[in-house]
Amino acid sequence: MKVPQVVVDLDKKSRVVLREGLLVDGKGVEVTVLWSDGSTDDVRLGVDGDRIRFATAAGGLRHRKHVDPVATSELVRSSPAQAFAFALLDSSKPLSSKDLIARVEEVFTGDVSALWKRARQTFETNKNVKASGKGASLKYVWVGQAPLDAVSADVAAQVPGRTAMNESTVTAGLDAGNAERGGDAVPQVADGAVGRSMDSETRNEDRGSAHSAEGGQIHPAVELVQAISVSGQRPENWSRLLGSALRNPLAAGLAVDSLSDDALQAAVPALGQAALILQALPRDSKAVKTIDPVQLAGPEAAAALMDAADAELRRLEPATARAQELRHAKDFLVRRLLSSPSVGLLSLGTVLRATREMETLKDAGKKGEWVAGVLAAVIGAMDQDSWKNLALQDRSAVARRLTSVPLNATGSRARVLGWIWRNHPADLADDMWWRGVEFDDLAAVATTPLASALESDAIASAVVKPLVVKRLTSATTRRQLLTSLAAPTALARLMDESDVQRAFDRVLRDDNVGRAWLVRLRNETRISELAHQVETLTRQAREKTELLGKAQEAARLSDDRLHRMEARLGEAAASTKELRESQSRQIRIDVMRAFAELCAYVDGAADSQSAQRVRERVRRMAAREGLTPSGVPGRTEPYDPQRHDVIGEPPLPDTPVTVTGIGYTWGEGADEIVLVRALVERTY
């Protein structure tokens with residue numbers, strides 16, 4: 001059965017849903033829409049000025065993502081099988097498991113692959129899902145109707161043969177999600193489109209009052225809390241009430257402000273995850289204080305709740321009284337979420353978005369330390385790769401929020417800087433982390449683990465040294481100067497003696513007591529220096545005398561050794577000369593013997609043997625002595641002056657020449673010696 005298509009009209013900048021309606025006619029980008037207020041309009045899909053319009057399956061995951069992002073994120077976490085089914089509904093074509101995972105990842109930042117493994121069996125038993133193929137070719141297709149619940153209720157009301165609302169369908173869907181994860185779950189859907197302005201319920205939510213002006217209709221959040229506080233159980237239509245309340249969490253908080261603390265106290269135990277509607281209550285409440293909203297909703301849903309609050313504020317003119325009321329409620333929402341014991345589960349980006357309005361000087365004094373504590377908890381729970389991949393603008397935002405907080409040994413600012421130093425020390429050299437820090441602040445942390453950071457070359461030169469010089473040059477009293485000199489080693493080691501001397505001269509110039517101290521200290525210091533110099537010179541003279549005696553003895557011993565070595569060298573020279581003459585004589589004998597053998601052979605063979613046989617025998621005799629023929633008569637070679645003798649005018653190197661007589665070489669490789677160069681003539 002073909003799933004109805006819904007057209008969603010978004011604000012281009014804020015991505016807030018302005019309206020939605022049923023696609024009743026048209027193909028391509030030109031379509032006719034039956035809007036939820038009953039009007040019909042011909043529109044063009046795509047970007048149109050400051051708006052974006054698109055068509056999608058009614059009740060599919062994409063539809064839910066825009067209509068109610070908070071509930072959609074919670075849907076994926078609490079009922080993943082249902083979420084994958086809604087993702088399948090978005091496509092008219094079969095999808096593989098990889099396709100489904102990719103679609104769900106567009107609305108959820110957690111480990112979707114793990115969710116698929118957990119939900120696959122339940123997903124495949126869904127009667128609206130048909131599987132085909134096996135193994136890698138296994139694909140799924142939606143074969144049923146669109147889900148009839150709070151997201152698609154208004155669309156369904158415009159489709160013939162379907163009711164506007166079916167509570168049993170909603171309850172069954174929620175119970176399936178609860179059974180899958182073994183507990184209560186926030187409803188996965190919201191009642192209608194965010195920002196819809198035509199129905200009385202939405203008008204009531206925008207006011208955030210306990211009752212609407214027309215007809216005395218009770219606000220959904222109030223109705224839900226009252227019903228639970230009286231009966232101790234959730235009413236049958238709780239999912240619709242909760243979805244409506246979470247769509248505008250700030251208005252819900254203002255609405256429940258009309259209820260007494262006793263009513264809230266009675267409702268909280270049975271509300272379960274629905275207690276999220278109380279987080280924007282604009283007053284302190286013991287009942288609400290017992291709730292851990294981040295643990296209750298999960299980090300993704302908590303982030304989506306804050307995004308929904310921001311979207312709610314953007315729909316109003318900032319200067320209106322209503323906007324002021326919502327901002328007051330948002331302050332309570334943000335403080336409760338960020339004061340959660342589980343705040344470390346939130347992403348740093350979520351915390352920065354929630355606290356961006358706290359960067360002003362007015363808020364910094366009141367909330368700076370608290371915000372720094374939240375940042376310290378979240379950053380402390382981060383892994384190294386998360387920080388490494390953090391955008392520079394986010395790091396700068398963290399640094400700006402820390403600027404208003406004093407740096408002390410036990411404070412949150414020191415905890416953040418300490419974490420950065422332990423995990424990414426190079427980042428801490430950036431001066432943005434040290435803005436607003438003075439000498440006394442550094443002294444306060446110079447005895448903590450941050451001392452090693454202050455002693456590092458980069459931070460010492462860029463941060464510590466300028467503040468040390470500034471303190472010495474700005475000291476005006478003995479107390480200031482002496483306190484500065486008593487600073488920990490990480491700071492004192494960078495105090496230059498000349499800077500300290502000038503500071504004493506300046507501070508004690510008009511101080512009679514201090515000046516007398518300085519004169520006395522200088523005289524005593526001078527006497528001590530002279531005595532020390534005399535002692536040093538005496539010690540040096542004694543040491544040099546001892547060294548001179550040792551040097552003279554060493555010289556005598558060296559002279560004796562020199563004489564003995566000269567005698568040995570003379571004996572060795574005589575022996576070497578005799579050996580060299582003997583070796584030279586033996587070499588000449590060996591050469592003349594080989595030459596005599598050659599002459600005797602040639603003389604005896606000249607008349608009795610052929611020239612070819614004589615030549616071969618001579619070459620064998622030459623090879624026996626290690627000689628190698630060079631060149632082959634008649635062969636053309638490139639001219640090499642080191643190996644060739646040319647007949648006539650010598651040509652340029654590498655010029656072709658013809659060998660007319662062989663030469664001989666002795667040895668191989670680098671040890672080769674050309675004894676007789678081959679005879680060549682130029683080739684024409």
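These notes cover the structure that comes with them.

Quick look at the overall build of the chain now. Helices and strands together make up the secondary structure of the chain, namely 29 helices and 15 strands. Counting across all 684 residues of the chain, residues that qualify as buried make up 42%. For the chain, the share of sequence-separated contacts (at least 6 apart) that also reach a separation of at least 24 residues comes to 62%. Carbon together with sulfur atoms contributes 53% to the accessible area of the chain, which is approximately 36600 Å² in total.

A few words now on the packing of aromatic side chains. Per the stated rule, a full pass over the model turns up six aromatic pairs. Here the aromatic rings of tryptophan 116 and phenylalanine 123 are separated by 5.3 Å at their centres, their planes lie at 65°, and the arrangement is edge-to-face. Judged by relative accessible area, which is 6%, tryptophan 116 ranks as buried. Using a relative accessible area of 1% as the deciding quantity, one classes phenylalanine 123 as buried. By way of ring pairs, the aromatic residues Phe84, Trp116, Phe123 and Tyr140 are connected into one cluster. When the ring centre of tryptophan 35 is taken as reference, the NZ or CZ atom of arginine 19 above it lies at 3.8 Å. When the ring centre of tryptophan 370 is taken as reference, the NZ or CZ atom of arginine 335 above it lies at 4.2 Å.

Look at aspartate 654: it is not a glycine, yet its phi comes out positive at around 75°. Along the polypeptide, aspartate 654 turns up in the loop between strand E11 (644-646) and strand E12 (656-661). Judged by its relative accessible area of 60%, aspartate 654 is exposed.

Summed over the entire model, instances satisfying the criterion amount to two cavities of 30 Å³ or more. Lining the second largest cavity are Ala303, Met306, Asp307, Asp310, Lys330, Thr350, Arg353 and Ala354. Elements with a minimum of two residues in the lining of the second largest cavity: helix H15 (299-314) and helix H17 (348-354). Top contributing element to the lining of the second largest cavity by residue count: H15, with four residues. Tallied by class, residues from the lining of the second largest cavity come to three nonpolar, one polar and four charged.

Here the focus is the nonpolar core. Side chains of a nonpolar character, in soluble globular proteins, are inclined to be buried together. Ranked by size, the top nonpolar core spans 108 residues in total, and within it Leu278, Leu348, Leu428, Trp433, Trp434, Leu454 and Leu491 carry the most contacts. Residue contacts for tryptophan 434: discarding those within four places in its chain leaves Leu407, Arg413, Leu417, Leu428, Leu442, Leu454, Ile459 and Val463. Ala57, Phe84, Ile101 and Leu138 belong to the second-largest nonpolar core, a separate cluster that totals 28 residues.

Turning to helix H10 (residues 238-247), a few remarks are in order. Among the ten residues in H10, ten count as buried, and that is most of the element. Listing the buried residues of H10 in full gives Trp238, Ser239, Arg240, Leu241, Leu242, Gly243, Ser244, Ala245, Leu246 and Arg247.

Moving on, we get to the sheet that holds E12. Two pairing modes exist for strands in a sheet, parallel and antiparallel, and in both the strands are linked by backbone hydrogen bonds. The four strands lie next to each other as E10-E12-E15-E11, forming an open sheet whose pairing is mixed. Of all the strands in the sheet, the pair left with one neighbour each is strand E10 (636-638) and E11. This sheet shows a mean twist of 50° between the axes of neighbouring strands, independent of strand direction. The pairing of E10 with E12 spans three bridges and is classified as antiparallel. Bridge pairing links proline 638 to proline 656 in E12.

On to the sheet that holds strand E14 (residues 673-676). Here three strands make up an open sheet; going across it, the order is E9-E13-E14 and the pairing antiparallel. Looking along the sheet, the strands with just one partner apiece sit at the ends: strand E9 (627-630) and E14. Between one strand axis and the next, the sheet turns through 35° on average, direction left out of account. Where E9 and strand E13 (residues 663-666) come together, four bridges link them in antiparallel fashion. Paired with serine 630 across the bridge in E13 is glycine 663.

What follows covers the layout of surface pockets. Roughly 820 Å³ of volume is contained in the largest pocket. Along its surface, the largest pocket is lined by 36 residues, and Lys65, Pro69, Ala303, Ala304 and Asp307 are the ones closest to its centre. Secondary-structure elements contributing two or more residues to the lining of the largest pocket are helix H1 (61-67), helix H2 (69-78), H10, H15 and H17. When residues of the lining of the largest pocket are assigned to their parent elements, the largest contribution, nine residues, is made by H15.

Close contact between helix H9 (residues 220-231) and helix H11 (residues 249-256) brings their axes to 8 Å; oriented N to C, the two are set at 50°. Relative to H11, the element H9 lies oblique. For the crossing formed where H9 meets H11, the hand is right-handed. Touching Ala221, Val222 and Val225 of H9 are Ala252, Ala255 and Val256, all from H11.

Calculation notes
Residues numbered from 1 in each chain as written. Predicted model: local features only at pLDDT ≥ 70, side-chain atom pairs only at ≥ 80, totals over all residues. Heavy atoms only, no water. Helix = DSSP H or I, 4+ residues; strand = E, 2+ residues; numbered from the N terminus. Buried < 20%, exposed > 50% of the residue type's maximum accessible area, 1.4 Å probe, protein only. Contact = heavy atoms within 4.5 Å. Areas by Shrake-Rupley, 256 points an atom, 1.4 Å probe, with all protein chains shown as cover. Phe/Tyr/Trp six-rings, centres within 6.5 Å; stacked < 30°, edge-to-face > 60°. Lys NZ or Arg CZ within 6 Å of the ring centre and 35° of its normal. 1 Å grid on protein atoms, 1.4 Å probe; cavity = no way out; pocket = protein on both sides within 12 Å on 5 of 7 lines; lining within 4 Å. Points joined across faces, edges and corners; volume = space filled by probe spheres on them. Nonpolar A, V, L, I, M, F, W, Y, C, P; charged D, E, K, R; others polar. Core = buried A, V, L, I, M, F, W, Y, C linked by side-chain atoms within 4.5 Å. Pairing = 2+ DSSP bridges. Axes fitted to C-alpha atoms, helices over the stretch in contact; angles between N-to-C directions. Parallel < 35°, antiparallel > 145°, perpendicular 65-115°, else oblique. Left-handed = near helix turned anticlockwise from the far one by under 90°.

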